[in-house]
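# Structural features, examined
Listed below, chain by chain, are the residues.
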Amino acid sequence: MAWLYLAEDLDEGLRAGDVAEIHGGEAKHMGVARIRVGERVQLGNGRGFVVDGELVVLERDRAVLNVHDARRLAEPEPRVTVVQALAKGGRDDLAVQVATELGAAAFVPWQAKRSVSRWDQKADRGRERWASVAREASKQSLSAWVPEVAPLHSTAQVAQLAADGQMLVLDPLGDTSLRHALDAGLVRNAGRITLVVGPEGGIDDSEFEQFEAAGARRVHLGASVLRTSSAAPAAIAAILALSGSWDSRFRDGTES
């Protein structure tokens, strides 16, 4: 079984036959996970560069690998940015976790009108928590890319993101299904999609108006009304299936 550990300063000049060495937290995690010398380990920098090798030294805060393979993987397409409204009870954390496992490329925390949870003076701490959740989920899912987490956004700032590709706003009462929007070619620049997910109480009418004025489309996922924690993962799964992108995930070894 392969194990993926992240080393942001991993030397991208490494090639088969070289030796890779890491220090600090990730080396300690190998010990906690009871990884043993002789096992296969993967190291990545979170930006598409991955090495695969055999663990030959494991000390308290140091690990050494004999590199068997080194490769750079293209960022998967479509590139989906999830605008996730803040939610109570850790539901927004869960959304970040599962959406990362399914291939989300970036997250934008959104202080929606109906968000019960508010970061207020702890916005930096909240952003750091989401980044940590995304990082761990990337490792678990063997992803070569760790999603970026943007600073907390207002509704006006979210609306501005519609200029970068297509913005799809999830709305259970929307007239257009996600499938129809994709199949009918209603999504411009489908290589970059911004997906907006509202809070527990839904998206306010004034917010819908701002998004639509910026060029966003309101789409639904079907008859069911999903929780804020499950809406983005469900939409990403549908986008990947409908676009045929499941075959270009990390495990297929596709290189840029």
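Since we're looking at a predicted model, the values are computed, not measured. (Residues numbered from 1 in each chain as written. Predicted model: local features only at pLDDT ≥ 70, side-chain atom pairs only at ≥ 80, totals over all residues. Heavy atoms only, no water.)

## Let's talk about the packing of aromatic side chains
Summed over the entire model, instances satisfying the criterion amount to two aromatic pairs. An angle of 80 degrees between the planes, with centres 5.3 Å apart, marks the rings of W119 and W130 as edge-to-face. Highlighted residues: W119 in the loop between β7 (106–110) and α3 (123–140) and W130 in helix α3, separated in sequence by eleven residues. For W119, a relative accessible area of 3% translates into the label buried. The exposure class of W130 is buried, given its relative accessible area of 0%. Between the NZ or CZ atom of R218 and the centre of the ring of F208, over which it lies, the distance is 3.8 Å. (Phe/Tyr/Trp six-rings, centres within 6.5 Å; stacked < 30°, edge-to-face > 60°. Helix = DSSP H or I, 4+ residues; strand = E, 2+ residues; numbered from the N terminus. Buried < 20%, exposed > 50% of the residue type's maximum accessible area, 1.4 Å probe, protein only. Lys NZ or Arg CZ within 6 Å of the ring centre and 35° of its normal.)

## Here we look at the pairing of strand β12 (residues 217–220)
Bridging between strand β9 (residues 166–170) and β12 involves three bridges; their strand directions are parallel. Residue pairing in the sheet places L170 in a bridge with V219 of β12. (Pairing = 2+ DSSP bridges.)

## Let's talk about the sheet that holds strand β2 (residues 19–23)
Within the open sheet, the five strands sit side by side as β1-β3-β4-β5-β2. Their pairing is mixed. Looking at the sheet topology across the chains shown, the edges are occupied by β1 (4–6) and β2. Pairwise comparison of adjacent strand axes, ignoring direction, gives a mean angle of 40 degrees for this sheet. Sitting on the sheet, helix α1 (residues 25–32) touches β1, β2, β3 (40–44), β4 (49–58) and β5 (62–72), and the angle it makes with β2 is about 90 degrees. (Axes fitted to C-alpha atoms, helices over the stretch in contact; angles between N-to-C directions. Contact = heavy atoms within 4.5 Å.)

## A few points about helix α2 (residues 91–102)
The α-helix winds at 3.6 residues per turn, so residues separated by three or four positions along the chain end up facing the same way. Here α2 spans 17 Å end to end across twelve residues, near enough to the 16 Å set by a 1.5 Å rise per residue. Taken together, the buried positions of α2 are occupied by D92, D93, A95, V96, A99 and T100. Down the axis of α2, the buried side of the element spans an arc of 160 degrees, and every buried residue falls inside it. Those residues of α2 hidden inside the fold are in contact with β6 (79–85), β7, α3 and α7 (228–243). Positive phi appears at G103, one or two residues downstream of α2, with a value of about 115 degrees. (Expected span 1.5 Å × (residues − 1). Arc of directions from axis to C-beta.)

## Some details on the sheet that holds β6
In spatial order, the strands read β8-β7-β6-β11-β9-β12-β10; together these seven strands make up an open sheet with parallel pairing. What marks the edges here is a single partner per strand, and that holds for β8 (148–149) and β10 (176–177). Relative to β7, β6 runs parallel, the two sharing five bridges. Bridge pairing in β7 places T81 opposite A106. Relative to the sheet, α7 contacts β6, β9 and β11 (192–197), its axis offset from that of β11 by approximately 155 degrees.

## Description of the domain arrangement of the chain
You can read the domains of the chain as domain 1 (3–72) and domain 2 (79–243). Averaged C-alpha coordinates put domain 1 and domain 2 at centres separated by 32 Å. Facing 13 residues of domain 1, the contacting portion of domain 2 comprises eight residues. Here domain 1 and domain 2 share an interface that buries about 830 Å² over both sides, 58% of which is from carbon and sulfur atoms. When residues of domain 1 are sorted by the area they lose upon contact with domain 2, L4, L6 and G46 head the list and together hold 54% of the total. Across the salt bridge formed by K139 and E26, the nearest N and O atoms sit 3.1 Å from each other. Our enumeration of links across domain 1 and domain 2 arrives at four residue pairs in polar contact (both at pLDDT 80 or more). Elements that contribute at least two residues to the side of domain 1 that touches domain 2 include exactly β1 and α1. (Domains from an automatic or database assignment. Buried area = accessible area lost by both parts, 1.4 Å probe. Salt bridge = Lys/Arg side-chain N within 4 Å of Asp/Glu carboxyl O. Polar contact = N/O pair within 3.5 Å; in protein donor to acceptor, adjacent residues only side chain to side chain.)

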